[in-house]
Structures are given as C-alpha cells and as structure tokens.
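Given next are the chains, with one letter for each unit.
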Amino acid sequence: MKKLALSNLNSFYKAVNDSMKLYLPTQNNGAVNFCEWSEGAKVNLDKMTVKSAKDAFFPQCEDLSVFKKDGKHIIVEQGELVSENFVIFGVRACDVRAFHILDTVFLEGFLDTFYEARRKHGIVISLSCTKPEESCFCTNFGIDPAEPKGDVESYIAGDYIYFNPVTEKGSEFIEKFASLFENSDDKAVKESQAKTRVIMEKLPLNNLPLNEFGGDKLDALFNRPEWQGLSESCIGCGTCTYVCPTCQCYDVRDYKTNSGVKRFRCWDSCMRKDFTMMAHGTNRPSHTQRFRQRFMHKLVYHPANHNGEFSCVGCGRCVAKCPVSMNIVKVMKTLGGNK
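None of these values were measured; they are calculated from a predicted model.

A.B. asks: Please clarify how the layout of surface pockets should be interpreted in this entry.
C.D. replies: By rolling a water-sized probe across the atoms, one finds the places where empty space is left. By volume, the largest pocket is sized at about 440 Å³. Contributing to the lining of the largest pocket are 20 residues, with K21, Y23, A56, V82 and F86 lying nearest its centre. Elements with a minimum of two residues in the lining of the largest pocket: strand 2 (21–28), strand 3 (31–36) and strand 6 (86–91). Examining the composition of the lining of the largest pocket, we find that three residues originate from one element, strand 3, more than from any other. Its residues assigned to classes, the lining of the largest pocket shows ten nonpolar, five polar and five charged. For the second largest pocket, the calculated volume is near 290 Å³. Lining the second largest pocket are 18 residues, with V96, R97, P148, K149 and G150 sitting closest to its centre. Counting residues per element, the lining of the second largest pocket draws most heavily on helix 2 (residues 93–106), which supplies six residues. Classifying every residue of the lining of the second largest pocket by side-chain character gives seven nonpolar, four polar and seven charged.

A.B. asks: Which parts of the structure should I look at to understand the packing of helix 7 (residues 226–233) against helix 11 (residues 328–335)?
C.D. replies: In contact at an axis separation of 11 Å, helix 7 and helix 11 are set at 155° when each is read in the N-to-C sense. One way to sum up the angle between helix 7 and helix 11 is to call them roughly antiparallel. For the pair helix 7 and helix 11, the crossing hand works out as right-handed. Taking contact as the criterion, the partners of E226, W227 and L230 in helix 7 are, on helix 11, K330, V331, T334 and L335. When the residues that make up the contact of helix 7 with helix 11 are grouped by side-chain class, the tally is four nonpolar, one polar and two charged.

A.B. asks: Honestly, the state of the cysteines in this entry has me stumped. Any pointers?
C.D. replies: By definition, a disulfide links the sulfur atoms of two cysteine residues through a covalent bond. Using the criterion set out here, one finds zero disulfides in the structure. This cysteine, C136, is not joined by any disulfide, and C129 carries the nearest cysteine sulfur, 6.3 Å off. With no disulfide of its own, C244 lies 3.7 Å from the sulfur of C247, the closest cysteine sulfur.

Definitions and limits used
Residues numbered from 1 in each chain as written. Predicted model: local features only at pLDDT ≥ 70, side-chain atom pairs only at ≥ 80, totals over all residues. Heavy atoms only, no water. 1 Å grid on protein atoms, 1.4 Å probe; cavity = no way out; pocket = protein on both sides within 12 Å on 5 of 7 lines; lining within 4 Å. Points joined across faces, edges and corners; volume = space filled by probe spheres on them. Helix = DSSP H or I, 4+ residues; strand = E, 2+ residues; numbered from the N terminus. Nonpolar A, V, L, I, M, F, W, Y, C, P; charged D, E, K, R; others polar. Axes fitted to C-alpha atoms, helices over the stretch in contact; angles between N-to-C directions. Parallel < 35°, antiparallel > 145°, perpendicular 65-115°, else oblique. Left-handed = near helix turned anticlockwise from the far one by under 90°. Contact = heavy atoms within 4.5 Å. Disulfide = S-S within 2.5 Å.

Take a look at the structure:
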C-alpha cells in the first residue's frame, strides 16, 4: 500500500500527465465529467460524474475509415488506433464493472480493434466511494463501492490518498511513479471501507427484487401487462442510454467531405423510433416495444448470454437524470412485485 498527501495531488497529476495523457473528474459549468487534465483544472473527486467513464474506451463519436478516389480506384484509409498509454483516474466501482460488461460485447466473439487498442493502453485507477449518492444501488449487483478494483485502487482517508495496485499494469504504474509515494499500512483504508459499507446498507435503493429477473425469466416477463403503463411515462428522449455506463449501441454513418467520404460511428439509443431502421421499417414500431427492449436487455437478455451477469451496474445515473423519473428501479419494483 502506498500513500500520497492530498496536498500533493496536483503534483501527482502533473507528473502523470508529463508522461501520458491523464483523464479525471473535472467540474465545468456546474457539471462533473471525465476530461483531460490541464493546469488549473477544477478536479472534483467527491461527486459522481454525469456521464460514465466508458468514453475512455468507447467514445461518443469515433472515426472508423476514410474512402478516397484515385482515378478509377478507391483507397480505404483505416481510422487511427490508440497506440500510447493513458490513465483514467477516479473511476468508481460501478464504472469499473461496466468495463467488464463492455469487454463481453467488444472483445468476445467479434473483436472490435478500436476498443481493444484503448483497453490495451488504458490504465484504470479506481476510487473508493466515501459519499455514495441516494440514487446509487450498485450493491444489488454484487459490486462493493469500497473495493473498486481496476488496475490500481485508490482510497481517500483523512489527509491522504492511498494506492493499491491490483493488476500487473497497475504495479508497473505505481513503480513508475514510486518517488511520489510513501509506504503505508492499510489501517486507514479499512476504516474508510467500513464507513462506506454502512452508508450503502442504509441507502433507499438497497435490496431491490433481483430474484424476479435473470436469463431464465423471458417467458415470465416478456408479455407482462405492466409494460404498457410503465412505458406511457417515458418520453423516449434517450437520456438514460447516454448516461448509462454499459449501453453499447451505436450507429455507423458516412459523411462526404472535400477529401473523400468519412465513415464514423456514434452512440445510438434503442429508445429511438429509427433505431435499427431497415428497408421494411423497424422491428419495434411501438414505443412500448422499444421501452421493453431496453430493460429486458439489462435484466434478461444479457444475463441469458453472459452467465447470469446483469448489464446494469447500479450507478444511479438514469435515476438522477431521467426528466420524468422513469428508470430501471421503477421497472424492477413494478415487475418484481415490490411497488
């Protein structure tokens, strides 16, 4: 276990950023999101970021290739893959778990080389929660916010921040910046962890009815009449999908420029009526069907295909950001019989 005085954090940021790009929670215009660090950045390690950390590995927009004409020939230039190491610091346990879920989508079976390159070069320094928000419910999914994992775990306790390497990549990182740290025992960390776990047990969204969901619940849930009533409150804005750390839907588009045709991908939402639009239309023409798809994927389809693992991590962002307060918790409580 290593420790660093909180008063020296800025020196730590500078040292890391001098060696590789550093991304961390930064406050701008009242909102906290992961941004590239620079001198004078207003770092905020207390609040949950509005958007998740998945941007580091699955950006909201990403160039895939460029097509150019050379006489009668078409030249295809592939998009550039990330080739240098970078650090994303301050990642909460829920977002760390979300990376694993994204791995099952982008690295298993079909290999996404853009995502793979970022995962290879990205170093995740997680941060234990000390001030969980009332909208958090990660413990329902077996996530311990007091033990956030990643490549390096960090904990704020008293006047120090403590670092514990978890992976080989994390050990190499700590060794690289060894001169900045002091050796320490884990007494203060264990006390901080205990306090966090007590807080989590008292949160209002603890003990959700998960037993009613899972990969074997398709027949029991698909035609439940409650879907109609639940979906009527939803305005289909897609906010929940954009703040969600595990949503991975994207659209691929071509854009004509003066130098050729650029192909890029950008996040998409299954809540939109033109999602997966084909020549004959869409296979989910009604709003209720689209609403049901989103939550069935999180609670039934994904666990059915990934050894029972839900694709919700309980970060609470959809709870906090939905403009009409319709979210996965209300779905779980309604269909789970805990109204």
